[in-house]
Amino acid sequence: MAACSFRTFAFALLCVRAPLIGAQGCGDEASGADCNVEALDADEVGLLHVRSASAQQHEVEATSVTSTCVPDKSCAPENVNLCCSGKRYYSADAPLSCGIGSKTECDVCEDLVNLLLSQDTCDATTAVAEAGCSDTGLPISGLCSAIATKGCELLQGQAKSDNLVNELCTTEFGLCDSDLSGYFCGCLPAGQCVDPDGAGSDCCSGQWSFNGLGEPCGKDWNNNPSPARCD
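Predicted model only: the values in this text are computed from it and were never measured. (Residues numbered from 1 in each chain as written. Predicted model: local features only at pLDDT ≥ 70, side-chain atom pairs only at ≥ 80, totals over all residues. Heavy atoms only, no water.)

With that settled, the discussion passes to the overall build of the chain. Of regular secondary structure, the chain possesses eight helices and four strands. The order of helices and strands in the chain, counted from the N terminus, is α-α-β-α-α-α-α-α-β-α-β-β. At a minimum sequence separation of 6, the contacts of the chain that also span at least 24 residues come to 69%. (Helix = DSSP H or I, 4+ residues; strand = E, 2+ residues; numbered from the N terminus. Contact = heavy atoms within 4.5 Å.)

Given below as structure tokens:
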């Protein structure tokens, strides 16, 4: 008999277990930021990292529009080597949260690259903002920044061409003409909820265990409630 895959239907179990799984409390303090940026040009100013209790579930790491790799907790490209950590973990939430409104990752990428092509001087920060993905509370924010930065890097060495859309969104980042990945960059630390199917690779330690009766697991890495946790 074939092995049962938690990826496909294990979360049905959560309909029964959900009342027993408590939400992890928010322990982060609002992080302060030095707002004295008068001496900096717009190109030098990174996106502000804003934390709030209401946005913690979909928070990503502080994002820089000078990096061509995707930070942890951000929606992962098809090529895992483009994640800054070189790692990625599965989350059933990814296909639903790795977009903006009704737009998919592919749609957002195409909009973003077309914005870069419309500029007289390539400005990754402005393009990310105009594409609607500069808010670091969006899981796609870090991915947008990496795409825009890579786009400006490529435009420095070649003439503008509509082919850049395909080069970045399909060839480089693998966001179009492919299924939604279901992955975020990084790995899950101890205590975080993890899908038992593939938990060995999704957990940073490579170790996991089932939760005890009524025992909560963390859900602040864009991950879903689960009967298991990383050790």
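Next comes the rest of the write-up.
Take unusual backbone geometry next. Phi at Lys-73 is positive, roughly 75 degrees, even though this residue is not glycine. Relative to the elements of secondary structure, Lys-73 occurs in the loop between α2 (14–17) and β1 (88–90). The exposure class of Lys-73 is buried, given its relative accessible area of 10%. (Buried < 20%, exposed > 50% of the residue type's maximum accessible area, 1.4 Å probe, protein only.)

One finds Leu-112, Val-113, Leu-143, Ile-147 and Phe-173 to be the most contacted residues of the largest nonpolar core, which totals 45 residues. Those elements that place two or more of their residues in this core are α4 (105–118), α5 (124–130), α6 (141–155), α7 (163–172), β2 (183–185) and β4 (228–230). Ranked by the residues each element gives to this core, the list is headed by α6, at eight residues. Those residues in contact with Ile-147, other than ones at most four positions away along the chain, are Cys-109, Leu-112, Val-113, Leu-168, Phe-173 and Leu-175. (Core = buried A, V, L, I, M, F, W, Y, C linked by side-chain atoms within 4.5 Å.)

Our next topic: the state of the cysteines. Applying the stated criterion across every chain yields a total of ten disulfides. Bridging Cys-109 to Cys-169, the disulfide has an S-S length of 2.1 Å. Taking the sign of the torsion about the S-S bond as the criterion, the disulfide between Cys-109 and Cys-169, at about -95 degrees, is left-handed. Here Cys-109, found in helix α4, pairs with Cys-169, found in helix α7; they are 60 residues apart in sequence, far enough to count as distant. Under the relative-accessibility criterion, Cys-109 is labelled buried at 1%. With a relative accessible area of 0%, Cys-169 lands in the buried category. Disulfide pairing places Cys-187 opposite Cys-204 at an S-S distance of 2.0 Å. Classification of the bridge connecting Cys-187 and Cys-204 rests on its S-S torsion, roughly 100 degrees, and on that basis the disulfide is right-handed. With a gap of 17 residues between them, Cys-187 in the loop between β2 and α8 (199–202) and Cys-204 in the loop between α8 and β3 (208–210) connect regions that are remote in the sequence. According to the relative accessible area criterion, Cys-187 is buried, its value standing at 12%. (Disulfide = S-S within 2.5 Å.)

Looking now at the packing of α4 against α7. For the pair α4 and α7, interaxial distance at closest approach is 9 Å and the crossing angle is 140 degrees. By the criterion of interaxial angle, the relationship of α4 to α7 is oblique. Regarding α4 and α7, the two cross each other, and that crossing is right-handed. Residues Cys-109, Glu-110, Val-113, Asn-114 and Leu-117 of α4 form the contact with α7, whose own contacting residues are Leu-164, Val-165, Leu-168 and Cys-169. Tallied by class, residues from the contact of α4 with α7 come to seven nonpolar, one polar and one charged. (Axes fitted to C-alpha atoms, helices over the stretch in contact; angles between N-to-C directions. Parallel < 35°, antiparallel > 145°, perpendicular 65-115°, else oblique. Left-handed = near helix turned anticlockwise from the far one by under 90°. Nonpolar A, V, L, I, M, F, W, Y, C, P; charged D, E, K, R; others polar.)

Its place among the elements puts Val-128 in helix α5. When its relative accessible area of 0% is taken as the criterion, Val-128 is described as buried. Residues Val-128 and Cys-109, 19 residues apart in the sequence, show an inter-C-alpha distance of 9.9 Å.

Bringing the pattern of salt bridges into the picture now. Throughout the structure, instances matching the rule amount to three salt bridges. One salt bridge in this structure joins Glu-153 and Lys-150, with 3.1 Å as the shortest N-O distance. Taken together, the residues span about one helical turn, with Glu-153 and Lys-150 both in helix α6 at a distance of three residues. As a salt-bridge pair, Glu-215 and Arg-229 come within 3.5 Å of each other at their nearest N and O atoms. Linking Glu-215 in the loop between β3 and β4 with Arg-229 in strand β4, this pair joins segments that are 14 residues apart in sequence. Residue class for Arg-229 comes out buried when judged on its relative accessible area of 16%. (Salt bridge = Lys/Arg side-chain N within 4 Å of Asp/Glu carboxyl O.)

So far we have only geometry, and geometry alone does not tell us how the molecule works.
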